[in-house]
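One-letter residues, chain by chain:
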Amino acid sequence: MADAAALRSRGATFWAGAAAGWIRHADWQDGIGRPLGAAAMDRLAVRPAERVLDVGCGCGGTTAELASAVGAAGTAVGVDIAEAMVAAARRRFPPDRYPGIRFHAADIDTLDAVPGAPFDAAYSRMALMLLADPVAGCTAIRRSMRPAGRLAATVFRDGTVNQWLFAAMLGAAPHLGALPPLPVGAEPGPFAFADPARLIRILTAAGWTTVTTTPCDVVMQAPNDAEAVAEWLVEIGPAGAAYRAAPPAGQAAARAGAARLLDRFREPDVGYRLPAGLWLVTATAGAADEPSAADDPSYPPPEGTKNR
């Protein structure tokens, strides 16, 4: 597996290219994609006046939901590696309509703590699995918390319970140019935390306590519009940049190819039901001055990754 610096560079390049698709489909991600993070949002149960961190905020929809929960007396801070998505989040959710909301473009792997710390709670929807150096990233989140601050997050389980992800990519890929390298083994990607034991090891090494992982099965419901659904899933996936660079004929063929493989998730006259298998992850931050295993240079991070 590539080292953390190479994975970080690869990830920054990917998200810079992917951002346009996520921005274009931001409303769909907020609405149709909400079940992917609902269990963590419910478990976190943020309260008025709390300070809450949203890790991997994308175009800001989840941060806005958290901001609404904490109210004008609270603070919701979203952080994401994609500068274009953070800019879109600021446009979509300005502070004059969402008091206390803030967004930062940053690679959390490289931070000692997130601007705006300390936080009472941290939330993440489908982002922890994408960290280039998950021990360093989860340590930065933990350092950003008040003592006993709480974390609730979701990540995908394995590919067998998330098959629509493959359908969109495999259907589109033959009609497009070269795609970015797909993750290998435990590299950052949708199924990097398929093994919950690895996730527990990483969070424990980063200084979190009482770590739990709970399987969670949800269904996303999308409109009965084959072309629109295919384009959405292609554009937010690994084929997105290649799709946008393709000529109109190639784009049409890619949409048709993806729609064919997605058809088994479609109910006639109803729409698409996309089943997703997740891990709901919860943890508690240790004391602010409590060192984590990541602070110990003799500690070997999981799977040979390197800390900052």
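Residues numbered from 1 in each chain as written. Predicted model: local features only at pLDDT ≥ 70, side-chain atom pairs only at ≥ 80, totals over all residues. Heavy atoms only, no water.

A.B. asks: Can you walk me through the overall build of the chain in this structure?
C.D. replies: Of regular secondary structure, the chain possesses 11 helices and 8 strands. Computed over C-alpha atoms, the radius of gyration of the chain comes to 19 Å, within 12% of the 19 Å expected from 2.2 N^0.38 for 308 residues, which places it in the range of a compact globule. Its C-alpha atoms put the chain at 55 × 45 × 30 Å along the principal axes. Across the 308 residues in the chain, those meeting the buried criterion constitute 53%. Put simply, 83% of the contacts in the chain that link residues at least 6 apart link residues at least 24 apart. Entry remark: accessible area of the chain is about 12500 Å², with carbon and sulfur atoms responsible for 58%. Across the chain, the mean location of the 28 positive side-chain charges is 2 Å away from that of the 31 negative side-chain charges. (Helix = DSSP H or I, 4+ residues; strand = E, 2+ residues; numbered from the N terminus. Rg over C-alpha atoms; globule rule 2.2 N^0.38 Å. Buried < 20%, exposed > 50% of the residue type's maximum accessible area, 1.4 Å probe, protein only. Contact = heavy atoms within 4.5 Å. Areas by Shrake-Rupley, 256 points an atom, 1.4 Å probe, with all protein chains shown as cover. Lys, Arg positive; Asp, Glu negative; His and termini not counted. Charge placed at Lys NZ, Arg CZ, Asp CG, Glu CD.)

A.B. asks: Just checking my understanding: could you explain the pairing of strand β1 (residues 51–55) for this structure?
C.D. replies: Across a regular strand the side chains alternate sides, sitting on one face of the sheet and then on the other. Counting buried positions along β1 gives 4 out of 5 residues, so the element sits mostly inside the fold. Note that the unit made of β1, helix α4 (residues 61–70) and strand β2 (residues 75–80) has a crossover that is right-handed. (Right-handed = clockwise from strand over helix to strand, strands pointing away.)

A.B. asks: Hey, could you run me through the packing of helix α1 (residues 4–24) against helix α5 (residues 83–92) in this one?
C.D. replies: Contact geometry for α1 and α5: axes closest at 7 Å, N-to-C directions at 30 degrees. In terms of orientation, α1 lies roughly parallel with respect to α5. Of the residues in α5, those in contact with Trp15, Ala19, Trp22 and Ile23 of α1 are Ala84, Met85 and Ala88. Tallied by class, residues from the contact of α1 with α5 come to 7 nonpolar, no polar and no charged. (Axes fitted to C-alpha atoms, helices over the stretch in contact; angles between N-to-C directions. Parallel < 35°, antiparallel > 145°, perpendicular 65-115°, else oblique. Nonpolar A, V, L, I, M, F, W, Y, C, P; charged D, E, K, R; others polar.)

A.B. asks: Sorry if this is basic, but what is going on with the pattern of salt bridges here?
C.D. replies: Two side chains with opposite charge may pair up if their charged atoms get near one another. If you walk through the whole model with that rule in mind, you get 16 salt bridges. In this structure, the salt-bridge partner of Glu65 is Arg34, at a minimum N-O distance of 2.4 Å. With Glu65 in helix α4 and Arg34 in the loop between α2 (26–31) and α3 (35–44), the pair connects residues that are 31 residues apart, well separated along the chain. Classification of Arg34 by relative accessible area gives partly exposed; the value is 32%. Counted as one network, the salt bridges with shared partners bring together Arg24, Glu227, Glu231, Glu235, Arg244 and Arg255. (Salt bridge = Lys/Arg side-chain N within 4 Å of Asp/Glu carboxyl O.)

A.B. asks: What exactly am I supposed to notice about the packing of helix α7 (residues 163–172) against helix α11 (residues 248–262) here?
C.D. replies: Between two packed helices, the angle of one axis relative to the other and the distance separating the axes together describe the packing. Between α7 and α11, the shortest axis-to-axis distance is 7 Å and the interhelical angle comes to 145 degrees. Crossing handedness for the pair α7 and α11: right-handed. Residues Trp164, Ala167, Ala168, Leu170, Gly171 and Ala172 of α7 lie in contact with α11, whose contacting residues are Ala254, Gly257, Ala258, Leu261 and Leu262. Within the contact of α7 with α11, the residues separate by chemical class into 9 nonpolar, 2 polar and no charged. (Left-handed = near helix turned anticlockwise from the far one by under 90°.)

A.B. asks: Mind showing me how you'd approach the packing of aromatic side chains here?
C.D. replies: Any pair of aromatic rings gets described here by the distance separating the centres and the angle formed by the planes. Under the definition given, this model contains 7 aromatic pairs. An angle of 85 degrees between the planes, with centres 5.0 Å apart, marks the rings of Phe14 and Trp15 as edge-to-face. With a relative accessible area of 15%, Trp15 lands in the buried category. Between Trp15 and Trp22, the aromatic rings sit 5.7 Å apart at their centres with planes inclined by 65 degrees, giving edge-to-face as the arrangement. (Phe/Tyr/Trp six-rings, centres within 6.5 Å; stacked < 30°, edge-to-face > 60°.)

A.B. asks: Help me out: how do you make sense of unusual backbone geometry in this one?
C.D. replies: Peptide bonds are trans in most cases, and residues, glycine excluded, mostly fall at negative phi. The peptide bond linking Ala117 to Pro118 adopts the cis configuration, its omega dihedral lying at 10 degrees. Inspection of the secondary structure assignment puts Pro118 in the loop between β3 (101–105) and β4 (119–125). For Met126, which is not glycine, the phi torsion reads 60 degrees and is therefore positive. Locating Met126 in the fold gives a position in the loop between β4 and α6 (134–143). A positive phi angle, near 70 degrees, is found at Ala148, a position not held by glycine. The exposure class assigned to Ala148 is exposed, which follows from its relative accessible area of 54%.

A.B. asks: In this structure, what is going on with the environment of Ala222? I would like to understand it.
C.D. replies: Note that Ala222 resides in strand β6 (residues 208–222). Separated by 194 residues in sequence, Ala222 and Trp28 place their C-alpha atoms 8.7 Å apart. If sequence neighbours within four positions are ignored, Ala222 has contacts with Ile32, Val229, Trp232, Gly271 and Tyr272.

A.B. asks: Would you explain the pairing of β3 in this entry?
C.D. replies: Here 5 bridges tie β2 to β3, and the two strands are oriented parallel to one another. By the bridge assignment for β3, Gly78 is matched with Phe103. Crossover handedness for the path β2 to α5 to β3: right-handed. (Pairing = 2+ DSSP bridges.)

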